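Here's the letter readout for the chains.
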Amino acid sequence: MRRSAAALLLVASGLAGCGGGDGGSNSLTYYIADAAQEDVATRCATESGGAYAFNIQRLPNTAAGGREQLLRRLAAEDRSMDIVSVDPPFMAEFANAGFLRPFTNAERQEFSDGILAGPLEQSTFRDTLYSAPLYGNTQLLWYRKSVLQKAGVDPAAGPVTWDQLIEGATKAGVTVAAQGRRNESLMVWVNALIASAGGSILAEGSENLPSDQVKGGIDTEAGAEAARIMHDLAVSPAAPAGFSTAGEEDSRAAFQEADGGFMVNWPYVWAAMDSAIEEGSLPANFKDDVGWTTYPRVAAGTEAASPSGGLGLSISSFSRKQELAVEATRCLASAQSQKEFMLTAGNPAALGAVFDDPEVREKFPMAEEIRTGLDAATPRPVSPYYGDVTGVIQTAFHPPDALSPDTTPRAANSLLEDVLRNKRLI
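Per chain, residues are indexed from 1 in the order of the written sequence. Local features in this predicted model are restricted to residues whose pLDDT is 70 or higher, and side-chain atom pairs enter the listing and the counts only when it is 80 or higher, whereas totals over whole chains, interfaces and linings include all residues. For the side-chain quantities, the full set of heavy atoms in the structure was used; hydrogens and water were omitted.

*Asks:* Please clarify how the packing of aromatic side chains should be interpreted in this entry.
*Replies:* Aromatic rings considered in pairs are described by the distance between their centres and by the relative angle of their planes. Here the aromatic set is Phe, Tyr and Trp, taking the six-membered ring for Trp, and pairing holds for ring centres within 6.5 Å; pairs whose planes are under 30 degrees apart are stacked, those over 60 apart are edge-to-face, and all others are tilted. Considering all chains together, one arrives at 14 aromatic pairs under this definition. Ring geometry for Trp 162 versus Trp 189: centroids 5.7 Å apart, planes at 45°, classification tilted. Taken together, the positions of Trp 162 in helix α8 (residues 162-172) and Trp 189 in helix α9 (residues 184-196) put the pair 27 residues apart, joining distant regions of the chain. The pair formed by Trp 162 and Trp 189 is uniform in burial state, with each residue classed as buried. Among the aromatic residues, those joined into a cluster by ring pairs are Trp 162, Trp 189, Phe 243 and Tyr 295. Placement of a charge over a ring requires the Lys NZ or Arg CZ to be within 6 Å of the ring centre, with the centre-to-atom vector within 35 degrees of the ring normal. Its end group placed over the ring of Phe 255, Arg 144 keeps NZ or CZ at 5.9 Å from the ring centre. In this arrangement the basic side chain of Lys 287 is found over the ring face of Trp 270, its NZ or CZ atom lying 3.7 Å from the centre. Helix and strand definitions here come from DSSP, where helices need a minimum of 4 consecutive H or I residues and strands a minimum of 2 consecutive E residues; each element is numbered from the N-terminal end. For every residue, the accessible area obtained with a 1.4 Å probe (protein chains only) is divided by the maximum for its type, and the residue is called buried under 20%, exposed over 50%, and partly exposed between those limits.

Structure, rendered in structure tokens:
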């Protein structure tokens, strides 16, 4: 269901004084989405020599939960908010509502220098930078080396397609793990498939139009290919059990089973495998059998558009300490901080140079593939109506085994345009 910024303001008006005050003239309230952010904030505050301190507030651990909390407080013009951690897909929604302070041209140059293409694109709305990229994220294709010969697939020899993976996994009696659950992870998959097929969920040029003029780009050959691939995997023997309810952790669990073969997932799984080995739920030599490569292609001759994720730091338009918040963001999003996030939390840097660091290379032997994926990544639609867009995709493309290349794209496109025109609800 759609809710305008004005409606949110009315709903949230009771929050207008929340937050417990500003905590002192140099105290910045910092809304974080990841525990590792607090450690970096502690270092930055110390290095500032007392110029600023942080009042840390933790956001819910889901994208939807974080969006809701930030929207309610920002719509209430909560002046206790200074720096907020924004999941990139929701940045345009906040910026369009006037909730975020735009970075100046000079600041934009500073926070954009050396940033990889995917993280930078998803931090920019209407040619204005609203988020300083803190870290990026992209998915890779992970595989068990021991199944390749039987599957007749060799990702090390060159890019592979989804069709090759499904056919090869079926032949080898192993699974292809992906995220079929009806939540944001499904939107990530659909967007990557459509973009990899040369299309886009929103028609080119309509992203910034009023909602009643936005055109969908789903009823296309690219949309049909996305529906076909998702359906073909879901009904094949290569689909893991519970495929239509599988999120990232379910995919990792399926990949680690005896019949695990292939998986698309974020780089955090590499460190998660270490944890599983340490606790004894995986054999000590499990990772010796794990390989990785860039995201699968839809068509053999066309580069894949890998998923783009991550986190950005934005300044609240209602903060009384905006200049000080920008100064603190310089440290929070610095190369040193991004390296720390990558080493401690497994969150890939948005700065390309971090991937050349020897410590990063040692801990992430797939660093080059991550960097390549981030530079080729296609963000989810940068649109002020993203909440509606993702809701429509999650509705129209679920469950995967019920999709049809003949009917799903048309139905999804119609639903999208009707929802944006307030003709239907989701």
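*Asks:* How should I be thinking about the sheet that holds strand β9 (residues 260-265) in this particular structure?
*Replies:* One key point about sheets: their strands pair by backbone hydrogen bonds, in either a parallel or an antiparallel sense. Two strands qualify as a pair provided that DSSP identifies no fewer than 2 bridges between them. Pairing within the open sheet is mixed, and its four strands lie in the order β8-β9-β7-β10. In this open sheet, the two edge strands, each paired with only one partner strand, are β8 (175-177) and β10 (290-293). Between one strand and the next, the sheet's axes are offset by a mean angle of 20°, whatever the strand orientation. Throughout, an axis means a line fitted to C-alpha atoms (over the contacting stretch in the case of helices), and angles, computed between N-to-C directions, take values from 0 to 180 degrees.

*Asks:* Hey, could you run me through the confidence of the model for the protein chain in this one?
*Replies:* Caution applies to low-pLDDT regions: their predicted coordinates should not be interpreted in detail. pLDDT is a residue-level measure of predictor confidence that goes from 0 to 100. Confidence in the prediction for the protein chain averages 93 pLDDT; 94% of positions are at 70 or higher. With pLDDT under 50 throughout, residues 1-21 is counted as low confidence; its partners more than four residues away or in other chains account for 34 contacts. Here a residue-residue contact requires only that any non-hydrogen atoms of the pair lie within 4.5 Å.

*Asks:* What is the right way to look at the pattern of salt bridges in this model?
*Replies:* Pairs can form between side chains of opposite charge whenever their charged atoms are close. Here, a salt bridge means any Lys or Arg side-chain nitrogen found within 4 Å of an Asp or Glu carboxyl oxygen. Summed over all chains, the structure comprises 25 salt bridges. Close ionic contact of Glu 225 with Arg 228 constitutes a salt bridge, the shortest N to O distance being 2.8 Å. One end of the pair, Glu 225, and the other, Arg 228, are both in helix α10 (residues 221-234), three residues apart, so they sit about a helical turn from each other. Glu 225 sits in the partly exposed class, given a relative accessible area of 24%. Close ionic contact of Lys 287 with Asp 274 constitutes a salt bridge, the shortest N to O distance being 2.7 Å. A residue pair is termed long-range when its members are at least 10 positions apart, and Lys 287 in the loop between α12 (268-279) and β10 and Asp 274 in helix α12 qualify at 13 residues. Under the relative-accessibility criterion, Lys 287 is labelled buried at 14%. Using a relative accessible area of 32% as the deciding quantity, one classes Asp 274 as partly exposed. Bridged by salt links that share partners, the residues Asp 163, Glu 225, Arg 228 and Asp 232 form one connected network.

*Asks:* Would you mind going over the nonpolar core with me for this structure?
*Replies:* Most often, soluble globular proteins have nonpolar side chains that are buried together. Among the nonpolar cores identified, the biggest contains 72 residues, and Leu 70, Phe 94, Trp 162, Trp 189, Leu 233, Phe 262 and Phe 397 are the most heavily contacted of them. Those residues within four positions of Trp 162 in sequence are excluded, and the remaining contacts are Val 176, Trp 189, Leu 193, Ile 229, Leu 233, Val 264, Tyr 295, Pro 296, Arg 297 and Val 298. Buried residues of nine kinds, namely Ala, Val, Leu, Ile, Met, Phe, Trp, Tyr and Cys, make up a nonpolar core once their side-chain atoms join them within 4.5 Å. Counting residues in each nonpolar core, the second largest holds 29 residues, with Leu 116, Ala 177, Ala 254 and Trp 292 among its members.

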